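# Observations on chain architecture
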Amino acid sequence: MERGSLSKYSWIDFAFSVVGVFTFLVDWGSDVWVATEFYNQGDFFWFGVLLGLMVLSSVVVQMFSWFWLKYDRELPGFSSAQTPGGSVLFGDRVKLSCLLHVLQLGFLCRHISAIRQGFRVWWRKQEGSEYAVYLTHDLSMLRLIETFGESAPQLTLMIYVMLRTNKARTVQFVSIAASTTSIAWMVVDYHRSLRSFLPDKAKQGWGSSLIYFLWNLLLIAPRVATLALFSSVLPGYIGAHFLLLWFVFVLWVWRQKTDFMDSVAGEWLYRATVGLIWYFSWFNVAEGRTRGRSIIYHSFVTVDGVILLVTWWCYRDPVQSEPYALALLIALPLTYLLGLLFKAIYYCCFHPKLWGPPVRDPGLPDDLPDADVSFRAFPIQDVTVSAQLVNKRMGRHATHFYSDQGVTRSTEYR
């Protein structure tokens, strides 16, 4: 059997890196704008909450970046895999890289490094394609963490403030739009990153991408809206609700014996972060019976959402909420159910049928979409990548997603 090779860096990867840093800066700028507006209006409580979310999310992302930087320096041949013109991502300057992470600039520097390296590979045709791909994989995961650590909670906060005050300023609409865009881009980027890690991957069709985007959006949006509605009537209980569910989710992650990080402290940071992500959206973290875990998760979140929505309906202000109350009570559950339907459609009709990393039959053109490509069993261990720099973290994810599990094989990306 012909052995596959990991995908090379392309202009699309470069474009995603540029858009990624632009989205990050816009989202960060909108956060500062909203915080400034709260401060100028005398809303010091909301200012403090928003600032706390920004700082906490940034610290978590910088911690992941720093852990990975330490792990990568210990990899044999990692330094030689970087470009001949010098190291791109901090190199051996440990003190400088530590200072940048303390100043909360490590994530931004990774974006800049990925763009710089990508430009060298794509435009100047220099060596270092494997390292450029390596950087994009890490950025994809960091963006996912940053999105659910800041954008999703901030989106919930903005909706909550609008409901509590019964008014909205332009800056709040801008913040909501920026957070929604950040979440949507993260979903597409993370999905694409996982696919690009597979050897001889089939190209992602537009129909498949659209359905994938829709089911994520239709599941996350009502979840965020329901949390905001509950917070608007019982603000003192949303913290307890989050801590209770977060503890349960972290316990569940621990029970799945994850091994994403290379140290005990890093692994517990990862488990705690996954618990936060699961508060908003499903994210597969371990090999095994993914479908069963997904059903358990969505059943649990559905019941939780119904309880929150009913609580809001009982405690709401009938006069203030009259224009939208009934519409939301009907629309939010239907939207979530529609998201589950789109998810089922995706895995039944649009999923690339990844029972193993895809291998094209001889004679098939390279630009066929997923639905037109046949796949054969192809163990990931068969892939020869000795001459390439492989992102071990994402490789571990790929092993979990596509390893042999008997009758059941894990095929979910998130």
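### Thoughts on the overall build of the protein
Looking only at helices and strands, one finds 13 helices and 0 strands in the protein. The secondary structure elements of the protein, listed N-terminal to C-terminal, are α-α-α-α-α-α-α-α-α-α-α-α-α. Looking at the protein residue by residue over its 414 residues, the buried ones come to 52%. Excluding contacts between residues fewer than 6 apart, the proportion of contacts in the protein whose partners are at least 24 apart in sequence is 76%. Surface exposure of the protein reaches about 19,200 Å², of which carbon and sulfur atoms provide 68%.

### Notes on the packing of aromatic side chains
Each aromatic ring pair is described using two quantities: the centre-to-centre distance and the angle formed by the ring planes. Overall, the coordinates contain 19 aromatic pairs when judged by the stated rule. On the numbers, 5.3 Å between centres and 40° between planes, the contact of W282 with Y297 is tilted. Pair noted here: W282 is in the loop between α10 (264-278) and α11 (290-315) and Y297 is in helix α11, with a separation of 15 residues, a long-range link. Here W282 matches Y297 in class, with each residue buried. One aromatic cluster is present, formed by F249, W252, W278, W282, Y297 and F300 through successive ring pairs.

### Considerations on the nonpolar core
F64, W68, Y270, W278 and F283 are the most contacted members of the largest nonpolar core, which totals 77 residues. Residues within four places of W278 in sequence aside, it is in contact with F249, W252, V253, Q256, F283, V285 and Y297.

### Comments concerning a nonpolar patch on the surface
Together, L244, F247, V248, L251, W254, V264 and W268 make up a nonpolar patch on the protein surface, roughly 710 Å² of accessible area in all. Mapped by element, the contributors of at least two residues to the nonpolar patch are α9 (238-255) and α10. A total of 5 residues in the nonpolar patch trace back to one element, the largest contributor, which is α9. Residue placement: V248 occurs in helix α9. Under the relative-accessibility criterion, V248 is labelled partly exposed at 36%.

### What to know about the pattern of salt bridges
Throughout the structure, instances matching the rule amount to 2 salt bridges. When the shortest N-O distance is used, the salt bridge between D138 and R110 registers 3.6 Å. With D138 in helix α6 (residues 129-165) and R110 in helix α5 (residues 106-122), the pair connects residues that are 28 residues apart, well separated along the chain. Note on accessibility: D138 and R110 belong to one class, buried.

### A look at the environment of L25
Its place among the elements puts L25 in helix α1 (residues 11-40). Residue class for L25 comes out partly exposed when judged on its relative accessible area of 42%. Expressed as a C-alpha distance, the spacing of L25 and L108, which sit 83 residues apart in the sequence, is 8.8 Å.

### What about the packing of α9 against α11?
Look at α9 against α11: their axes get within 14 Å of each other, and the N-to-C directions meet at 170°. In this view, α9 runs roughly antiparallel relative to α11, as classed from their interaxial angle. Only R293, I296, Y297, F300, D304 and L308 of α11 make contact with α9, whose side of the interface consists of H241, L245, F249 and W252. Across the contact of α9 with α11, the residue classes break down as 7 nonpolar, 1 polar and 2 charged.

Cut-offs and rules
Residues numbered from 1 in each chain as written. Predicted model: local features only at pLDDT ≥ 70, side-chain atom pairs only at ≥ 80, totals over all residues. Heavy atoms only, no water. Helix = DSSP H or I, 4+ residues; strand = E, 2+ residues; numbered from the N terminus. Buried < 20%, exposed > 50% of the residue type's maximum accessible area, 1.4 Å probe, protein only. Contact = heavy atoms within 4.5 Å. Areas by Shrake-Rupley, 256 points an atom, 1.4 Å probe, with all protein chains shown as cover. Phe/Tyr/Trp six-rings, centres within 6.5 Å; stacked < 30°, edge-to-face > 60°. Core = buried A, V, L, I, M, F, W, Y, C linked by side-chain atoms within 4.5 Å. Patch = residues over 30% accessible without salt bridge, like charges linked within 9 Å, V, L, I, M, F, W, Y side chains within 5 Å. Salt bridge = Lys/Arg side-chain N within 4 Å of Asp/Glu carboxyl O. Axes fitted to C-alpha atoms, helices over the stretch in contact; angles between N-to-C directions. Parallel < 35°, antiparallel > 145°, perpendicular 65-115°, else oblique. Nonpolar A, V, L, I, M, F, W, Y, C, P; charged D, E, K, R; others polar.

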